[in-house]
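Residue-level listing of the chains:
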Amino acid sequence: MDTLTPQDLEKINSEAKKASSDWIKVGMSTCGIAAGADEVLQTLKDEVKKRNVAIDIKKCGCVGMCYAEPLVEVKIDGLPPITYGRVNKEIAMKIVEKHVCGKMLVNDSILEVEAKG
Amino acid sequence: MAVYTKTVLLKDTNLAQEDRTRDFYTTFLQKLGESSLSELVQVVRAADVGVYNQGVVIKVMPDNVMYAHVKDSDIPRIIDATIKEGTPLVDLQIKRAGKQLRIVLRNCGTIDPENIRDYIGVDGYLALKKVLLEMTPEKVIEEMKKSGLRGRGGAGFPTWMKWKFARAVAADEKYVICNGDEGDPGAYMDRSVLEGDPHSVIEGMVIAGFAIGAAKGYFYIRAEYPLAVERIQKAIEDARSCGLLGKNILGSHFSFDLEVRLGAGAFVCGEETALIASIEGKRGTPRPRPPYPSVKGLWGKPTVINNVETLANIPYIFLKGGDHFAKVGTATSKGTKVFAVTGKVRNSGLVEVPMGITLREIVYDICGGTSSGKQLKAVQTGGPSGGVIPAEYLDTPVDYDNLQKLGSIMGSGGMIIMDEDDCLVDIAKFYLGFCVEESCGKCSPCRIGGTQMLKVLERITEGKGRIEDLAMLKRIAFAMQKASLCALGQTAANPVLSTIRYFEAEYKEHILNKKCPSHKCSKLASYTIIQEKCKKCGLCQKQCPAGAIPGSREEGYTIKQDKCVKCGQCFEACKFKAILKE
């Protein structure tokens, strides 16, 4: 990347704030990876590709709910951001199939807790 | 595709054994079908709703109303009022108090730690821009003073003072070091910050470098954190290629660069003088202070050493202003603290809370109480340098000074929850054993004192303790506190002293009656078979590694006390609770 000027910083910042697409985030810190986040991330990527859905899949750090890793957070248009905990391969497939493609939340995995303060 | 106008999340928040979530879910769906709303409302079973032991909890979105202790009979009126009309039912409603406040962890779990643009997108490096283009180093230190930020590594020394001392010394070179040698058992706040938001720590270091006039900084991270090291290294490279590290940062006259140094995993290297020795390539042993590192540190030059969490606070302080930061917290402790809550707790993980919150709020409101449902016995804070806080002090507001008054310390943020099944003598032995292992051996109070205290504790847990031992433990502890060279030795006895202070009766039970009240100390336990309950299945005999359970399926079984090695395997194996553990 080229050297940034103070103006570039402002520009990147305001562009990022405008962007509001759909996304899936997977907690990929040590706690997440230890609980199997690698496989979950790969499954999500495969499923999304298989179903030809346009959605950003990002890795992120640990949000603090280490007891419930692997964590997957999903934001799609029309629904609030939803966090799923203790996600495994099967749940990851359901997340893409039901939540991302059908706007239906997946049972028994949602963590509706105030972790982000 | 179904388009729902409302979403109902539900969950039984009582203990898992009596979870009624599924039954309630079925009833709710049925009632919803009767009012022909099934097409418009989606009902979902949640895994966790952030409140505990409050019966069935439901949350209706997008209204964001929450109801607790919901009965089946409440369902029709919830459907009629809240779902159809959008009116909340006041008698059922609860408000979840937002107890957490995220400053240090503001970006953890939100941004991609390996993408510098993500960080810039959440106002990353804008604090640095403000500092470099609009402020003088003196003003930076002034702002830090206003914020009242104290070091998050354990001792709680005001950060601005460290910076001011280092700035005041005239020297051709100065250094900034990030102390990422997190070693307390059960503590991993720094690892999460380094892994989840590496750029905020880098930004904090550059600002510190500008404030004291340093051109070079070191990350000291323990080698046991490979992912943290990888992400920090990537972040440093990215920042360098964007000109946020290196010469003339953001077109200013300020140049600063960073390097990573790995710690080989010695606990004592978290002590600042030992850490400096380790970076210099010497053996990681502490040296007497003064001179403090801010006067004579790395390579004999003025050096500021700040902890990871301290540094992660800094960009926030300059974005929002020192005064704004100081609004959070207590009179002497400003801002928030991240705790790694582990042990016998329902939700273990990281919490970030404003200073001044009570331990009870952290353990019960945020973390959901004990995992066993049993009574909480004590909370251990501050790792091997800290102490235990018994349950009766749970309502103490958490800050540096209050914890110290209770005989513990804030420390780096490890918080271990203990319930009735934990033996405090055993806990004290564990922590002291840790310090004995990790003692560098340079000074004799720590090397010999620690070992002798450990021997006494081992004796007590084996039922060979003498009543004079308590006084002896205190005497050695006092000598270690007074005469040890560094904080490791000075504080190593704290867990022992604080457990004696609050749980002396438990020590006496071990010494006088040769009993461990929580049955944790295996040498003091005895196992016997309750013949009335025994079904003669023979499982205990199969499990016993010592051949101490003779008998047959016809005649029944007994435990030979002289052969028993007290491993407890028979106790675990018995399905009929026919083995008595005393």
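Residues numbered from 1 in each chain as written. Chains lettered and ligands numbered in written order. Predicted model: local features only at pLDDT ≥ 70, side-chain atom pairs only at ≥ 80, totals over all residues. Heavy atoms only, no water.

### Structural notes on the overall build of chain B
Rules: Secondary structure counts use DSSP, requiring at least four H or I residues in a row for a helix and at least two E residues in a row for a strand, with both numbered from the N terminus. Burial classes follow relative accessibility: with a 1.4 Å probe on protein chains only, a residue under 20% of its type's maximum area counts as buried, one over 50% as exposed, and anything between as partly exposed. Contacts are assigned to residue pairs that have any heavy atoms within 4.5 Å of one another. Using a 1.4 Å probe, accessible areas were evaluated by the Shrake-Rupley method; residue-level cover was limited to the displayed protein chains. His is not counted, nor are the chain ends, whereas Lys and Arg count as positive and Asp and Glu as negative. In plain terms, the charge of a residue is placed at NZ if it is Lys, CZ if Arg, CG if Asp and CD if Glu.
Counting secondary structure elements, chain B contains 21 helices and 18 strands. Reported as C-alpha extents along the three principal axes, the dimensions of chain B are approximately 90 × 75 × 40 Å. Per-residue burial over chain B gives 58% buried out of 582 residues. Taking as baseline every contact in chain B between residues at least 6 positions apart, the subset at least 24 positions apart corresponds to 70%. Just so you have it, chain B exposes about 23500 Å², and 52% of that area is on carbon and sulfur atoms. One way to put it: in chain B the 78 positive side-chain charges average out to a point 4 Å from where the 68 negative ones average out.

### Thoughts on the overall build of chain A
For chain A, the helix and strand inventory stands at four helices and five strands. Its helices and strands taken in sequence order, chain A reads α-β-α-α-β-β-β-α-β from the N to the C terminus. Expressed as lengths along the three principal axes of its C-alpha atoms, the size of chain A is roughly 45 × 30 × 25 Å. For chain A, buried positions account for 51% of its 117 residues. For chain A, contacts bridging at least 24 residues in sequence account for 61% of all contacts bridging at least 6. Surface accessibility of chain A: about 5400 Å² in total, with carbon and sulfur atoms responsible for 49%.

### Regarding the sheet that holds strand E7 (residues 216-222) of chain B
All names here are of chain B. Short version of the rule: For two strands to count as paired, DSSP must find a minimum of two bridges between them. Comment: axis = line fitted to C-alpha atoms, over the contacting stretch for helices; angle = value between 0 and 180 degrees taken between N-to-C directions.
Spatial strand order, E8-E7-E6-E9: four strands in an open sheet with parallel pairing. Looking at which strands have only one partner, the edges of the open sheet turn out to be strand E8 (257-263) and strand E9 (303-307). This sheet shows a mean twist of 20° between the axes of neighbouring strands, independent of strand direction. As defined by bridge partners, strand E6 (residues 175-180) adjoins E9 across five bridges and the pair is classed as parallel. By the bridge assignment, Cys 178 is partnered in E9 with Asn 306. Sheet contacts for helix H9 (residues 226-241): E7 and E8; angle to E8, the most-contacted strand, approximately 170°. Here helix H11 (residues 308-320) sits on the sheet and contacts E6 and E9; the angle it forms with E9, its principal contact strand, is near 90°.

### Examining the packing of helix H1 (residues 6-18) of chain A against helix H4 (residues 126-134) of chain B
Here is the rule we go by: We call two directions roughly parallel when the angle between them is under 35 degrees, roughly antiparallel when it is over 145, roughly perpendicular when it lies between 65 and 115, and oblique otherwise. Should the near helix be turned counterclockwise from the far one by less than a right angle, the crossing is left-handed, whereas a clockwise turn marks it as right-handed.
As a packed pair, H1(A) and H4(B) sit with axes 10 Å apart at the nearest point and diverge in direction by 155°. In terms of axis orientation, H1(A) runs roughly antiparallel to H4(B). H4(B) is crossed by H1(A), and the crossing has left-handed handedness. Residue-level inspection shows Pro6(A), Leu9(A), Glu10(A) and Asn13(A) of H1(A) in contact with H4(B), the latter providing Leu126(B), Lys129(B) and Leu133(B).

### What about the interface of chain B and chain A?
So the rule is basically this: Buried area: the accessible surface (1.4 Å probe) lost by two parts on joining, summed over both. Within this document, salt bridges are pairs made up of a side-chain nitrogen of Lys or Arg and a carboxyl oxygen of Asp or Glu, the two lying within 4 Å of each other. In the scheme used here, Gly and all other residues not listed as nonpolar or charged are polar, with Ala, Val, Leu, Ile, Met, Phe, Trp, Tyr, Cys and Pro taken as nonpolar and Asp, Glu, Lys and Arg as charged.
Taken together, the contacts link 60 residues of chain B with 49 residues of chain A. Taken together, the two surfaces of chain B and chain A that pack against each other cover about 4300 Å², and 53% of this comes from carbon and sulfur. The largest share of the area that chain B buries against chain A comes from Arg102(B), Gly109(B) and Arg117(B), three residues that together contribute 11% of it. At the surface where chain B touches chain A, the tally comes to seven salt bridges. Sorting elements by how many residues they give to the side of chain B that touches chain A places strand E2 (residues 41-48) of chain B first, with seven residues. Along the lines of polarity and charge, the residues of the side of chain B that touches chain A split into 28 nonpolar, 16 polar and 16 charged. Judged from the two bridges that link them, strand E5 (residues 110-111) of chain A and E2(B) form a sheet pairing that is parallel.

### Quick word on the sheet that holds strand E14 (residues 414-419) of chain B
All names here are of chain B. Strand order in the open sheet formed by five strands is E11-E10-E14-E12-E13, and the pairing between neighbours is mixed. Of all strands in the sheet, those bounded by a partner on one side alone are strand E11 (349-354) and strand E13 (387-390). For this sheet, the mean angle separating the axes of adjacent strands, direction not counted, is 30°. Here five bridges tie strand E12 (residues 376-381) to E14, and the two strands are oriented antiparallel to one another. Residue pairing across strands places Gln 380 opposite Ile 416, the latter belonging to E14. Its contacts with the sheet put helix H15 (residues 424-438) on E12, E13 and E14, and the angle it makes with E14 is roughly 150°.

### Re the packing of aromatic side chains
All names here are of chain B. Put simply, the rule is: Each aromatic pair joins two rings of Phe, Tyr and Trp (for Trp, the six-membered one) with centres within 6.5 Å, and gets the label stacked for planes under 30 degrees apart, edge-to-face for over 60, and tilted for any other angle.
Applying the stated criterion across every chain, the model contains ten aromatic pairs over all chains. Where Phe 210 meets Phe 254, the ring centres are 5.3 Å apart and the plane angle is 85°; that geometry is what we call edge-to-face. Note that Phe 210 is positioned in helix H8 (residues 198-212) and Phe 254 in the loop between H9 and E8, a separation of 44 residues in sequence. Judged by relative accessible area, which is 10%, Phe 254 ranks as buried.

### Describing the pattern of salt bridges
For the structure on display, the rule yields 41 salt bridges over all chains. The shortest N-O distance in the salt bridge between Asp108(A) and Arg22(B) comes to 3.0 Å. Taken together, the residues Asp108(A) in the loop between helix H4 (89-102) and E5 and Arg22(B) in helix H1 (residues 21-34) connect one chain to another. A salt bridge links Glu462(B) to Lys523(B); the shortest N-O distance between them is 3.8 Å. You can see Glu462(B) sitting in the loop between helix H16 (444-461) and helix H17 (468-483) and its partner Lys523(B) sitting in the loop between helix H19 (494-512) and strand E15 (527-529), a full 61 residues away along the chain. Take Lys523(B): its relative accessible area is 52%, and that puts it in the exposed class. Taken together, the salt bridges that share partners define one network made up of Glu47(A), Lys50(A) and Arg51(A).

### Here we look at the nonpolar core
Proteins that are soluble and globular tend to have nonpolar side chains buried together. Applied cut-off: We call a set of buried Ala, Val, Leu, Ile, Met, Phe, Trp, Tyr and Cys residues a nonpolar core when their side-chain atoms join them within 4.5 Å.
Within the largest apolar cluster, 75 residues are counted, with the highest numbers of intra-cluster contacts made by Tyr125(B), Trp163(B), Phe219(B) and Phe318(B). Counting residues per element, this core draws most heavily on H8(B), at nine residues. Each residue touching Phe219(B), except ones within four places of it in the same chain, is listed here: Cys178(B), Leu194(B), Val201(B), Ile202(B), Met205(B), Ile232(B), Ile236(B), Leu258(B), Glu259(B), Val260(B) and Arg261(B). Counting 33 residues, the second largest nonpolar core, distinct from the first, contains Ala37(A), Ile55(A), Ile82(A) and Val100(A).

### Let's talk about the domain arrangement of chain B
Accessible area lost on assembly of the parts is the figure often given for the size of an interface. Put simply, the rule reads: Note that domain bounds follow an automatic or database assignment of domains.
Domain boundaries in chain B define domain 1 (6-85), domain 2 (116-326), domain 3 (336-419), domain 4 (424-512) and domain 5 (525-581). On a C-alpha basis, the centroid separation for the pair domain 1 of chain B and domain 2 of chain B is 48 Å.

### Structural notes on unusual backbone geometry
Residue and element names in this part refer to chain B. The omega angle of the peptide bond from Met 61 to Pro 62 is 5°, so this bond is cis rather than trans. Looking at the secondary structure, you find Pro 62 in the loop between strand E3 (56-61) and strand E4 (65-67). In this chain, Arg 289 is followed by Pro 290 through a cis amide linkage whose omega measures -5°. Residue placement: Pro 290 occurs in the loop between helix H10 (272-279) and E9. We note that Lys 566 has phi near 60°; this positive angle belongs to a residue other than glycine.

### Observations regarding the pairing of E12(B)
Counted residue by residue, E12(B) has six buried out of six residues, so it is predominantly covered. Here E12(B) folds back onto E13(B), and the loop between the two strands holds five residues, one of which, Gly382(B), carries a positive phi near 80°.

### Points about H16(B)
Residue and element names in this part refer to chain B. For clarity, the threshold we go by: Here the expected length of a helix is defined as 1.5 Å per residue gap, with one fewer gap than residues. Note that the arc is defined by the directions from the helix axis to the C-beta atoms.
Its 18 residues give H16 an end-to-end C-alpha distance of 25 Å, which sits within 8% of 26 Å, the value for a rise of 1.5 Å per residue. Regarding H16, the residues found buried are Cys 446, Gly 449, Gly 450, Met 453, Leu 454, Val 456, Leu 457, Ile 460 and Thr 461. Viewed end-on, H16 has its buried residues packed into an arc of 160°, placing them on one side of the element. Contact partners of the buried residues in H16: H15, H17, helix H18 (487-491) and H19. Looking one or two places after H16, you find Gly 463, whose phi comes out positive at around 85°.

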